[in-house]
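Chain by chain, the residues run as shown.
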Amino acid sequence: MGGNVSGSLYDAEVTEFPASATAPPSLHDRPPSLHDRLLLALLGAKTLALGSQRHGRLLAWGGLAVIVVIAAVARLWRLGNPHQLVFDETYYVKDAYTLWNLGFEGRWPSPPDPNTAFEAGQVNGFLDEAAFVVHPQVGKWLIALGIHLGGGAESAFAWRIANAAVGVIAVILVARIARRLFASTLAGLAAGLFMAVDGLAIVHSRIALLDQFLMLFVLVAFGCLLVDRQQFRRRLAARVAAQVDAGAAVSGGTAVAGYAGDWRWPGMPTRWWRLAAGLALGLSIGVKWSGVYFLAVFGLLTVVWDLTARRTVARTIDDGNNPAPRWLARGIFADGLGAFAFMVPTAVVVYVASWWSWFASPGAWGRQWAVENPGQGISWLPAALRSFIHYHQEMWNFHTTLEAAHPYAANAPGWIIQWRPTSFFWERGEGAAGCGRGLNGQDCAQAITSLGNPILWWLAALAIILLIAWGGRLRDWRALAAISGTIAGWLPWFAYLSRTTFTFYAIVFTPWMIFTLVYVAVVAFERVSARRRIALTVTTWTVVALILVVSVLFYPIWSAASVPFPYWQHLMWLPTWV
């Protein structure tokens, strides 16, 4: 497995075999059991050894604590600045507030300008009439909860505190998921640090938009499926070994000899983590419909993991004389149908349930459509469900025909390199609060630009190419896992190039861009020669330092801090950023 290299992504804790199950035969008086060999084949020595040493656990939690502090400071410092409804906050904050008070999103009088009044603390000027909104309610309920717990709608801090909390939680999840995915504490900490300092992640933690919540729920679902993968493989190893040991002797510690019974794959208990993933994906769709893409991709991913697990078991227990068990058919029917049954109905039920206040509110938009249009729609459904389906048809028509011009509209191909970031807020001169011409007599600027850390994103875009090349050649399951969220969150938007879209949608797959970058580093350390490892270590830490420096330089334009106008100009590296 190789020795430990201080400061590399290849941790000491994952280069040693725990004596319980994965030690080489030379360390024991007897060869390893079939159960031990199956575990090693299904999970790998690094995963089995992860967390087995105390110093590794201390590093994991101590390092994560430092990263969480960095993330919290970056997200909470002057969170209420500016005290204005920024970009689409004009919709979601007011919708969230009326949803909490009315049970549905209400209309606001115009004129006068409801934003000006709302920002001035006159927050109860909404009408007792429903507004037509085109996104489900889960994200707005979370914003409303933040307003309720954070001090009320008069506070811009309260508008955004839910997003900030989710941003910190996402950093923790990214770090722990990456640690489990790569079986490396340092890899997990690197991923968490990148999430903590990335500009896209920081901006979405400081602005009350919906995409942050979508990112959280799909990240939770991915983490649940990763835990399910390991749990399923442990159970499969234990049950197959018990079944084989009951019907045949282990020959030479390497193969199963003389197994005469008819092979039957052992049954598996309920996959609760897979069920939890379905729940999280239902909530993600309850934020934005694009969560459906993650349900499809993650559903296929978990089935592929199960198929490869059964193939590995079949090859491990086959001694060359006995035919391998029918792993493909069993995997397709048991695992494929099982995954569908656990995840899809759960997601559907959770999504419909997330509209509970719409069903409970007679005055909600479209709630009385079936009553007002008897005989229309699916006639055998209850009136409430017919109205619900019709409302969704209206939402679908809106989303599929949206082609309004916008100065910061950006098609999907450019998102991956942050070609046209979205400007959420901009002021210059005396409009820049607390600045005017007070810094060296220069005009000042305030900006909130939804721009990912350019070094991180550009390197991650290059890493996608390496991941595809290395992952395919090595047949490395981690490669597909690391890019799965990018596939679900980015590629579907190529079908909507004529629709008005924005680069900030990329926040949803930001964790997987980070996983991709970390994957390339991990594989490089695993396969580099000892002679070149020092150079690779120096390069890695240099890149980490450069990403941190760039985040410090760009933080003012992610947080609406007042800076001299020339400083802002120097940060606009590409003309498309203006």
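Residues numbered from 1 in each chain as written. Predicted model: local features only at pLDDT ≥ 70, side-chain atom pairs only at ≥ 80, totals over all residues. Heavy atoms only, no water.

### Comments concerning the pairing of strand E4 (residues 444-450)
Among the seven residues in E4, seven count as buried, and that is most of the element. Sheet topology note: the strand E3 (residues 422-428)/E4 ladder contains six bridges and is antiparallel. Its bridge partner lying in E4, Thr422 is registered against Ser450. The pairing of E4 with strand E5 (residues 563-564) spans two bridges and is classified as antiparallel. Each residue of the ladder has a partner; that of Cys444, found in E5, is Pro564. (Buried < 20%, exposed > 50% of the residue type's maximum accessible area, 1.4 Å probe, protein only. Helix = DSSP H or I, 4+ residues; strand = E, 2+ residues; numbered from the N terminus. Pairing = 2+ DSSP bridges.)

### A few points about helix H19 (residues 510-527)
An ideal rise of 1.5 Å per residue puts 26 Å on 18 residues; H19 measures up with 26 Å between its terminal C-alpha atoms. Taken across its 18 residues, H19 has 15 buried, putting it largely inside the fold. (Expected span 1.5 Å × (residues − 1).)

### Regarding unusual backbone geometry
Here Asn81 and Pro82 are connected by a cis peptide whose omega angle stands at 0°. Tracing the backbone through its elements, the reader meets Pro82 in the loop between helix H3 (54-76) and helix H4 (89-102). A positive phi angle, near 50°, is found at Arg475, a position not held by glycine.

### Concerning the packing of helix H17 (residues 454-474) against helix H20 (residues 530-559)
One way to put it is that H17 packs onto H20 with a least axis distance of 8 Å and a crossing angle of 135°. Relative to H20, H17 is oriented oblique. Contacts between H17 and H20 involve Pro454, Ile455, Leu456 and Leu459 from the former and Val543, Leu546, Ile547, Val550 and Phe554 from the latter. Looking at the contact of H17 with H20 residue by residue, the classes come out as nine nonpolar, no polar and no charged. (Axes fitted to C-alpha atoms, helices over the stretch in contact; angles between N-to-C directions. Parallel < 35°, antiparallel > 145°, perpendicular 65-115°, else oblique. Contact = heavy atoms within 4.5 Å. Nonpolar A, V, L, I, M, F, W, Y, C, P; charged D, E, K, R; others polar.)

### So, the nonpolar core
Phe118, Phe222, Phe298, Trp415, Phe424 and Phe515 are the most contacted members of the largest nonpolar core, which totals 139 residues. Residues contacting Phe118, with those up to four places away along its chain left out, are Leu85, Val93, Lys94, Tyr97, Trp108, Val123, Ala153 and Trp159. (Core = buried A, V, L, I, M, F, W, Y, C linked by side-chain atoms within 4.5 Å.)

### Side note on the sheet that holds E5
Pairing in this open sheet of three strands is antiparallel, and the strands run E3-E4-E5 from one edge to the other. Bordering the open sheet on either side are E3 and E5, each of which pairs with just one other strand. The sheet strands contacting helix H9 (residues 199-206) are E3 and E4, and the helix crosses E4 at an angle near 100°. H20 contacts E4 and E5 of the sheet and is inclined by roughly 90° relative to E4.

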